[in-house]
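Given next are the chains, with one letter for each unit.
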Amino acid sequence: MEKNFIILLFCCFIHFASAQLRVGFYSSTCPRAEPIIQQLVQKRFGTDRSITAALLRMHFHDCFVRGCDASILIDSTKSTSSEKDAGPNLTVRGYELIDEIKKALEAACPSTVSCSDIITVATRDAVALAGGPRYNVPTGRRDGLVSDSAEVNLPGPSLSVPEALPFFRAKGLTLNDMVTLLGAHTVGVAHCGFFQDRLSNFQGSGTPDQTMDSALAARLLRTCGTASRPLNRGPTVFLDQNTSFIFDNQFYNQLRSKKGILQIDQQLALDRSSAPIVSSFASNPSAFQQNFANAMIKMANIQVLVGKAGEIRKNCRIFNPKSRKGF
């Protein structure tokens, strides 16, 4: 009974915090905030369309550790290791774009727009530029005061659906949300080390993973080779083999054809619980786009700091001097 009461209080707190976010939060304090973010994201997208995937990954990795509080942006010091340097985050990129946006916002409205809101809005804008859904996102998040690499525990690429789902449910997300959010891989890439075992010696079998299209496995093997390498080194391949820079539903069609690159992606089309969702998104692009917008808004509400909690960082890479705790 006591455990259930604590869970209920936690859920009520999360709902209360997310309810304090609102669309147009900066309309009076920094009316150009979102236009500034959009302009700089569009400028970067014009020279590097892969920034959409980079921001999506940064946003996901931030929100799944301590909530959406920009803790992933903090640089490590000689004495402390931040989230940025945890193994799963070594391939996260796009930090320099966040820095550029923050610098512009500090010039326009000092100490007003949080780094966590920058990540959320910039990701939204990058998705739209790639052909994804356009949606309004509530703002008003504040930045966290802790960033610890030891706290980073993210779902890995080799998990089954039942193994991955608890990670999402712990954040208040559903199976539908999980299948939808993994659809962000429609614009992503992966280093060979994340799926290399599927190409020639899957789980010690001496043969490729039979759930992967054999022609695809052979082609990827030519790209990746058989030599093991660090996960964040070596060649990369597109997770969507057809429309690699376009945010569409083709990723799900490829899963149905046994052309998922990561094991967790392919499992979405094989598991009885998630396969109907994959089929629905594969045949109905508008359903995927609407579900994705809803899931992104929902994810961006995870454990947000509002009101007087946290801080508004002046530099996204370091805590404000008065707030530093061991950094």
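What you see is a predicted model; the values in this text were computed from it and never measured.

Which parts of the structure should I look at to understand the UniProt feature "binding site: substrate" (unreviewed entry) in the protein chain?
Annotation from UniProt places "binding site: substrate" (unreviewed entry) at Pro155. Relative to the helices and strands, Pro155 resides in the loop between α5 (115–129) and α6 (161–169). In this view, Pro155 contacts Phe60, Phe64, Phe167 and Phe168; residues no more than four positions away in its chain are not counted.

What's the story with the layout of surface pockets in this structure? I'm lost.
The gaps of empty space that remain are located by a probe, the size of a water molecule, rolled over the atoms. Here the largest pocket is characterised by a volume of approximately 840 Å³. In this structure, the largest pocket is lined by 34 residues; those nearest its centre are Arg57, His61, His185, Val189 and Leu262. Of all the secondary structure elements, the ones that give two or more residues to the lining of the largest pocket are α3 (51–63), α6, β1 (189–191) and α13 (285–299). A total of six residues in the lining of the largest pocket trace back to one element, the largest contributor, which is α3. For the lining of the largest pocket, the class distribution of residues is 24 nonpolar, eight polar and two charged.

Whenever I open this one, the packing of α3 against α13 confuses me. Can you help?
Helix-helix packing is described using two parameters, namely the angle between the two axes and the distance between the axes. In the contact formed by α3 and α13, the axes pass within 11 Å of each other and the chain directions differ by 45 degrees. Considering the angle they form, α3 stands oblique to α13. Packed against α3, whose contacting residues are Leu56, His59, Phe60 and Cys63, the element α13 presents Phe292, Met296 and Met299 at the interface. Here the residues of the contact of α3 with α13 are counted per class, giving six nonpolar, one polar and no charged.

Teacher, can you tell me more about the confidence of the model for the protein chain here?
For any part of a model where pLDDT is low, the fine detail of the predicted coordinates should not be relied upon. Looking at the protein chain as a whole, the pLDDT averages 92, with 91% of positions reaching at least 70. Every residue in residues 1–14 is under pLDDT 50, and counting partners more than four places away or in other chains gives one contact.

Teacher, can you tell me more about the state of the cysteines here?
By definition, a disulfide links two cysteine residues through a covalent bond between their sulfur atoms. Under the criterion given, the structure shown has four disulfides. Disulfide pairing places Cys63 opposite Cys68 at an S-S distance of 2.0 Å. On the S-S bond that ties Cys63 to Cys68, the torsion sits near 120 degrees, and the link is right-handed. Classification of Cys68 as buried rests on a relative accessible area of 1%.

What is the right way to read the side chain of Thr139 from this model?
With respect to the helices, strands and loops of the structure, Thr139 is situated in the loop between α5 and α6. Here Thr139 falls in the buried class, since its relative accessible area comes to 1%. A polar contact of 3.5 Å, which involves the side chain of Thr139, links it to the backbone nitrogen of Phe25. Thr139 has contacts with Leu21, Arg22, Val23, Gly24, Phe25, Tyr26, Glu34, Asp117 and Val121, leaving out every residue within four places of it along the chain.

For this particular structure, what's the right way to read the side chain of Asp62?
Along the polypeptide, Asp62 turns up in helix α3. Although buried, Asp62 forms no salt bridge, and the nearest oppositely charged side chain, Arg313, lies 6.9 Å from it. Here Asp62 is in contact with Gly67, Cys68, Asp69, Ala70, Ser71, Ile72 and Ile119, once residues within four sequence places are set aside.

Looking at this structure, how should I read the nonpolar core?
Considering soluble globular proteins, one finds that nonpolar side chains tend to be buried as a cluster. Of all hydrophobic cores here, the largest spans 92 residues; its most connected members are Leu73, Ile101, Met178, Phe195, Tyr252 and Phe292. Sort the elements by how many residues they give to this core and α3 lands first, with eight residues. Once residues lying within four places of it in the same chain are set aside, the contact partners of Phe292 are Leu56, Val127, Pro133, Thr180, Leu181, Ala184 and Phe247.

Could you clarify how one ought to interpret unusual backbone geometry in this entry?
Phi angles above zero are rare outside glycine, and Arg66 is one such case at about 65 degrees. For Arg66, the position within the fold is in the loop between α3 and α4 (95–108). Look at Gln303: it is not a glycine, yet its phi comes out positive at around 45 degrees. Among the residues examined, Gln303 registers a relative accessible area of 25% and is labelled partly exposed.

How should I be thinking about the environment of Val278 in this particular structure?
With respect to the helices, strands and loops of the structure, Val278 is situated in helix α12 (residues 275–283). Take Val278: its relative accessible area is 1%, and that puts it in the buried class. In sequence terms Val278 and Phe251 are 27 residues apart; their C-alpha atoms lie 9.4 Å from each other. When sequence neighbours within four positions are dropped, the list of residues in contact with Val278 reads Val179, Tyr252, Leu255, Arg256, Leu268 and Ala269.

About the criteria used
- Residues numbered from 1 in each chain as written.
- Predicted model: local features only at pLDDT ≥ 70, side-chain atom pairs only at ≥ 80, totals over all residues.
- Heavy atoms only, no water.
- UniProt positions renumbered as here; feature names shortened; annotations may be inferred.
- Helix = DSSP H or I, 4+ residues; strand = E, 2+ residues; numbered from the N terminus.
- Contact = heavy atoms within 4.5 Å.
- 1 Å grid on protein atoms, 1.4 Å probe; cavity = no way out; pocket = protein on both sides within 12 Å on 5 of 7 lines; lining within 4 Å.
- Points joined across faces, edges and corners; volume = space filled by probe spheres on them.
- Nonpolar A, V, L, I, M, F, W, Y, C, P; charged D, E, K, R; others polar.
- Axes fitted to C-alpha atoms, helices over the stretch in contact; angles between N-to-C directions.
- Parallel < 35°, antiparallel > 145°, perpendicular 65-115°, else oblique.
- pLDDT = per-residue confidence, 0-100.
- Disulfide = S-S within 2.5 Å.
- Buried < 20%, exposed > 50% of the residue type's maximum accessible area, 1.4 Å probe, protein only.
- Polar contact = N/O pair within 3.5 Å; in protein donor to acceptor, adjacent residues only side chain to side chain.
- Lys, Arg positive; Asp, Glu negative; His and termini not counted.
- Salt bridge = Lys/Arg side-chain N within 4 Å of Asp/Glu carboxyl O.
- Core = buried A, V, L, I, M, F, W, Y, C linked by side-chain atoms within 4.5 Å.

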